[in-house]
Amino acid sequence: MAFTKKLDLSAKIFIAMILGAVTGLILNIAGLPEWSQLWLTDGIFRVVGQIFISLLKMLVVPLVFISLVCGSSSLSDPKMLGRVGGKTIVLYLFTTAIAVTLALGSAIIFKPGVGVHAVATVTAQIAEAKPFTQVIIDMVPTNPVAAMADGQMLPIILFAVLLGISITLSKEVGVRVSNWFHDMNAIIMKLVTLVMEVAPYGVFSLIAILAATSSVADIMALGKYVGLVFAVLAIHALIVYPTILSVIGRLNPLIFLSKIRAAMLFAFTTASSNATIPVTLETVEKKVGVSNKIASFTVPLGATINMDGTAIMQGIATGFIAQFYGIDLSMSQYLMVVVMVILASIGTAGVPGVGLVVLAGVLDQVGLPAEGIALILGVDRLLDMTRTVVNITGDSMVTTIVAKSEGELDMDVFNNPRAGLAFEEKGSIS
Ligand code: ASP
């Protein structure tokens, strides 16, 4: 007990992951006996894992809304919002463009779809992605309560920002309401720390299910595709982001990466940028040193519009499917893929598996068979988890650069390796 008390949250989660993976692999090797399916993977692990994800999701809408009202109501200069929004969106789109270009380039060079024998017999049931014009229209909520009930991030962001600005413009009345929101924000952050307490159990269960039910045969058959997606994700997270962070942000990328590791682990286990928002927000504010003003806006926005990891999977999958069917794509079709992937990422929420939905639309646009998705469905969960790590790393990186450029990054916190640890060790925010 004394030993586990000393460990920080990311260490506890990491240990839970390893134990979950070992447990799951043992079950997998044993052929997932019926009792283990009944009592474990469909039983206790499923209950604990799903409750953990529900707890995280439960926090997202109140946290984003309250935190963003706080952030935008404490803007002394309303022009700052436009500036921050502009920089953030440009950086998000820029990194996504690099991601999809890298992915397509590597698919063209390494040809993961050549010589593959289909193992999947599943037929993909993929919903249609929304047209881009509708995405823009839907940003404005006709009913903010309905948007909150459905967890639609962009309309919630817009409403919260407008409310925050109105609070500032309302002078004394606004000050009272703003104080209330700040108090609520502290309370909801406390709730985040309470939920973190159960994280290791949730992580253990989710990873055990994954390891127990993954088909090694599927992964081996698509080894080149899986390997290439992993490799490009790693290049993006460990070379592209650090380069951008040091060149544009003039910050040490090693410090940055080590600080956000807890959020990365959460993203991996939940495969959802949205469900990870509470942890990402907490991490960039308390450990990296970004002010609430910036983070409350850029993090939820990033969870929705910035999906570099997803773009990487989509780029490689497009090349893979074209090669599998022996269809040659022209340069203009490749360019079309780049544009489609960037635009499509804007309107899609960061939830598990959504990348495949968007991919169906992309394939359709360039005249590739959408059924090709069935080929990669079997290995998508593992890739989904990994690309979500890249997605939230991108959100946190852009958040940090924008904060630095606005003078909203506390360098003492950034450079302090122990910053934010009090929150993990004692379960309270200091
Ligand atoms: N799961 C990813 C995310 O939440 C989206 C995807 O690639 O499907 O960021």
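Given the structure is predicted, the values throughout are model-derived calculations rather than measurements.

> A description of a nonpolar patch on the surface should follow, citing residues and the corresponding values.
A cluster of nonpolar residues, Phe 14, Ile 18, Val 22 and Ile 26, forms a patch on the protein surface that exposes about 380 Å² of accessible area. Looking at the secondary structure, you find Ile 26 in helix α2 (residues 9–29).

> Describe the site of the ligand, with residues and values.
What surrounds the ligand is a group of 14 residues, the closest being Ser 273, Thr 310, Gly 355, Asp 384 and Arg 387. Within the contact set of the ligand, an oxygen atom lies 2.6 Å away from a side-chain nitrogen or oxygen of Thr 310. In this structure, Gly 355 approaches the ligand through a main-chain N or O atom, which is 2.7 Å from an oxygen atom. For the ligand, the accessible surface in isolation is 270 Å², of which the surrounding protein chains cover 100%. Contributions of two or more residues to the shell around the ligand are made by α17 (354–365) and α19 (380–405). If one sorts the elements of the shell around the ligand by residue count, α19 sits on top with 4 residues.

> How would you explain the pattern of salt bridges if you had to name every residue and give the values?
Counting across every chain of the model gives 5 salt bridges. Taking the shortest distance from any N to any O, the salt bridge between Glu 408 and Lys 293 comes out at 3.6 Å. Placement of the pair is Glu 408 in the loop between α19 and α20 (411–415) and Lys 293 in helix α14 (residues 292–305), with a sequence separation of 115 residues. Through salt bridges with shared partners, a single network forms among Arg 83, Lys 87 and Glu 406.

> Before we move on, can you summarise the side chain of Thr 393 with the specific residues and values?
Looking at the element boundaries, Thr 393 is found in helix α19. Judged by relative accessible area, Thr 393 falls into the buried class, the value being 0%. When near neighbours in sequence (up to four residues on either side) are disregarded, Thr 393 contacts Tyr 241, Phe 256, Leu 257, Ile 260 and Met 264.

> How would you explain the environment of Pro 278 if you had to name every residue and give the values?
Inspection of the secondary structure assignment puts Pro 278 in helix α13 (residues 273–288). Here the alpha-carbon distance between Pro 278 and Leu 210, two residues 68 residues apart in the chain, equals 23 Å. Apart from residues no more than four positions distant in its own chain, Pro 278 is found in contact with Leu 56, Leu 59, Val 60, Leu 63 and Val 192.

> I'd like a description of the packing of aromatic side chains, backed by residues and values.
On inspection of all chains with the given rule, the structure shows 7 aromatic pairs. On the numbers, 5.0 Å between centres and 85° between planes, the contact of Trp 180 with Phe 181 is edge-to-face. A connected cluster of aromatic rings, assembled from ring pairs, spans Phe 65, Phe 159, Trp 180 and Phe 181.

> Lay out the nonpolar core in plain terms, naming residues and giving numbers.
With 123 residues, the main nonpolar core has Tyr 225 and Phe 266 as its most contacted residues. Looking at this core element by element, the count peaks at 13 residues for helix α3 (residues 34–73). Filtering out sequence-adjacent residues up to four positions away, Tyr 225 remains in contact with Pro 112, Met 313, Ile 316, Ala 317, Phe 320, Ile 376, Val 379 and Leu 383. In terms of nonpolar packing, the next biggest core, distinct from the first, is built from 7 residues, Leu 27, Leu 32, Ala 208 and Ala 212 among them.

Thresholds, definitions, all that
- Residue numbers here run from 1 along each chain, matching the order of that chain's written sequence.
- Selection of residues for local features in this predicted model requires a pLDDT of at least 70, selection of side-chain atom pairs for listing and counting requires 80 or more, and totals for whole chains, interfaces and linings are taken over all residues.
- Side-chain metrics in this entry use all non-hydrogen atoms of the structure; hydrogen atoms and water are not considered.
- Note that patches include only residues with greater than 30% relative accessible area and no salt bridge, and the join distances are 9 Å for like charges and 5 Å for nonpolar side chains (Val, Leu, Ile, Met, Phe, Trp, Tyr).
- Accessible surface is estimated by sampling points in the Shrake-Rupley manner with a 1.4 Å probe; for residues, cover comes only from the protein chains shown.
- Put simply, a salt bridge is a Lys or Arg side-chain nitrogen that is within 4 Å of an Asp or Glu carboxyl oxygen.
- Secondary structure elements are defined from DSSP: runs of H or I of at least 4 residues count as helices, runs of E of at least 2 residues count as strands, and each element is numbered from the N terminus.
- When we say a residue is near a molecule or strand, we mean one of its heavy atoms is within 4 Å of it.
- Polar contacts, as counted here, are pairs of nitrogen or oxygen atoms within 3.5 Å of one another; within protein the pair requires one atom able to donate a hydrogen and one able to accept it, and residues that are adjacent in sequence qualify only if both atoms are side-chain atoms.
- Between buried and exposed lies partly exposed: a residue is buried under 20% and exposed over 50% of the maximum accessible area for its type, with that area taken using a 1.4 Å probe on protein chains only.
- Contacts were defined at the residue level, with two residues in contact if any of their heavy atoms lie within 4.5 Å.
- Pairing of aromatic side chains here covers Phe, Tyr and the six-membered ring of Trp, requires ring centres within 6.5 Å, and sorts the geometry by plane angle: under 30 degrees stacked, over 60 edge-to-face, intermediate tilted.
- Residue types Ala, Val, Leu, Ile, Met, Phe, Trp, Tyr and Cys, when buried and joined through side-chain atoms within 4.5 Å, form a set referred to as a nonpolar core.

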